[in-house]
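Structural characterization, general
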Amino acid sequence: MVGMRAVVQRVDGARVVVGGEAVGEITGEGLCVLVGVTHDDTPGKADRLARKLWGLRILEGERSCSDTGAPLLVVSQFTLYGDARKGRRPTWQAAAPGPVAEPLVEEVCARLRALGARVETGRFGAKMEVSLTNDGPFTVLLEF
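Since we're looking at a predicted model, the values are computed, not measured.

1. Some details on the environment of Gly30
- Mapped onto the secondary structure, Gly30 falls in strand β2 (residues 21-36).
- Here the alpha-carbon distance between Gly30 and Phe144, two residues 114 residues apart in the chain, equals 22 Å.
- Not counting the four nearest positions on each side in its chain, Gly30 is found in contact with Gln9, Arg10, Val11, Leu59, Ala70 and Pro71.

Encoded structure:
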């Protein structure tokens, strides 16, 4: 089974609002990263994802966040493991439960910060409104 997933979008600004309050926001060039965790994910996979995000050369001029100091907005997204192959209603069986997923999403953020990144986040488990300006558009899927 594929492990941790991330949908990475090159953005020109992004924000997360919970209950009318902005809880995370980046302005200008950066990355908006939706992170999904499955049952077999580990802190090692979180570290690999963080290193990939920090060095991924998808910003303007084929540069990375490590090159430019561009910020990242990281948002937990269990729906990345939705399976809608059967019927009309997706199942979420492949998504890790909150007690497994939350620490691993936090680990991705902690590892990014340890590398020198400025990281903003959503609020785990909350109903979030995510808005962004996709620059390109440019979106890639990472799986570990």
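2. Concerning helix α3 (residues 98-115)
- If you check α3, its first and last C-alpha atoms are 26 Å apart, about what 18 residues at 1.5 Å a residue would give, namely 26 Å.
- Buried residues along α3 sit against β2, α1 (43-55), β3 (72-76) and β4 (119-121).
- Positive phi shows up at Gly116, right after α3, with a value of about 110°.

3. Looking at the layout of surface pockets
- Counted as a void, the largest pocket has a volume near 270 Å³.
- Secondary structure elements with two or more residues in the lining of the largest pocket: β2 and α3.
- In terms of residues, the lining of the largest pocket owes the most to one element, α3, which gives 3 residues.
- Taken together, the residues of the lining of the largest pocket sort by class into 10 nonpolar, 6 polar and 1 charged.

4. Concerning the side chain of Asp41
- Within the secondary structure, Asp41 sits in the loop between β2 and α1.
- Looking at Asp41, its side chain comes within polar contact range of the main-chain nitrogen of Met4, at 2.8 Å.
- Within the structure, the side chain of Asp41 is placed 2.8 Å from the backbone nitrogen of Thr38, a separation counted as a polar contact.
- If sequence neighbours within four positions are ignored, Asp41 has contacts with Gly3, Met4, Gly36, Tyr81, Leu104 and Phe144.

5. Details of the packing of aromatic side chains
- What the rule picks out here adds up to 1 aromatic pair.
- A ring pair is formed by Phe78 and Trp92, whose centres lie 5.3 Å apart and whose planes are at 75°; its orientation type is edge-to-face. In this pair, Phe78 is assigned in the loop between β3 and α3 and Trp92 in the loop between β3 and α3, connecting sequence segments 14 residues apart.
- On the accessibility criterion, Phe78 (46% relative accessible area) is partly exposed.

6. Focus on the pairing of β3
- β3 sits mainly inside the fold: 5 of its 5 residues count as buried.
- Side chains Leu72, Val74 and Ser76 of β3 all project onto a buried face; the interleaved residues Leu73 and Val75 project onto the opposite face, where all are buried too.
- In the sheet, β2 pairs with β3 via 5 bridges, with the strands oriented parallel. Counterpart to Val33 in the pairing with β3 is Val74.
- Two elements, β3 and β4, share 3 bridges in a ladder whose sense is parallel. Across the sheet, residue Leu73 finds its bridge partner in β4, namely Glu120.
- As a crossover connection, the stretch from β3 through α3 into β4 is right-handed.

Criteria and thresholds
- Residues numbered from 1 in each chain as written.
- Predicted model: local features only at pLDDT ≥ 70, side-chain atom pairs only at ≥ 80, totals over all residues.
- Heavy atoms only, no water.
- Helix = DSSP H or I, 4+ residues; strand = E, 2+ residues; numbered from the N terminus.
- Contact = heavy atoms within 4.5 Å.
- Expected span 1.5 Å × (residues − 1).
- 1 Å grid on protein atoms, 1.4 Å probe; cavity = no way out; pocket = protein on both sides within 12 Å on 5 of 7 lines; lining within 4 Å.
- Points joined across faces, edges and corners; volume = space filled by probe spheres on them.
- Nonpolar A, V, L, I, M, F, W, Y, C, P; charged D, E, K, R; others polar.
- Polar contact = N/O pair within 3.5 Å; in protein donor to acceptor, adjacent residues only side chain to side chain.
- Phe/Tyr/Trp six-rings, centres within 6.5 Å; stacked < 30°, edge-to-face > 60°.
- Buried < 20%, exposed > 50% of the residue type's maximum accessible area, 1.4 Å probe, protein only.
- Pairing = 2+ DSSP bridges.
- Right-handed = clockwise from strand over helix to strand, strands pointing away.

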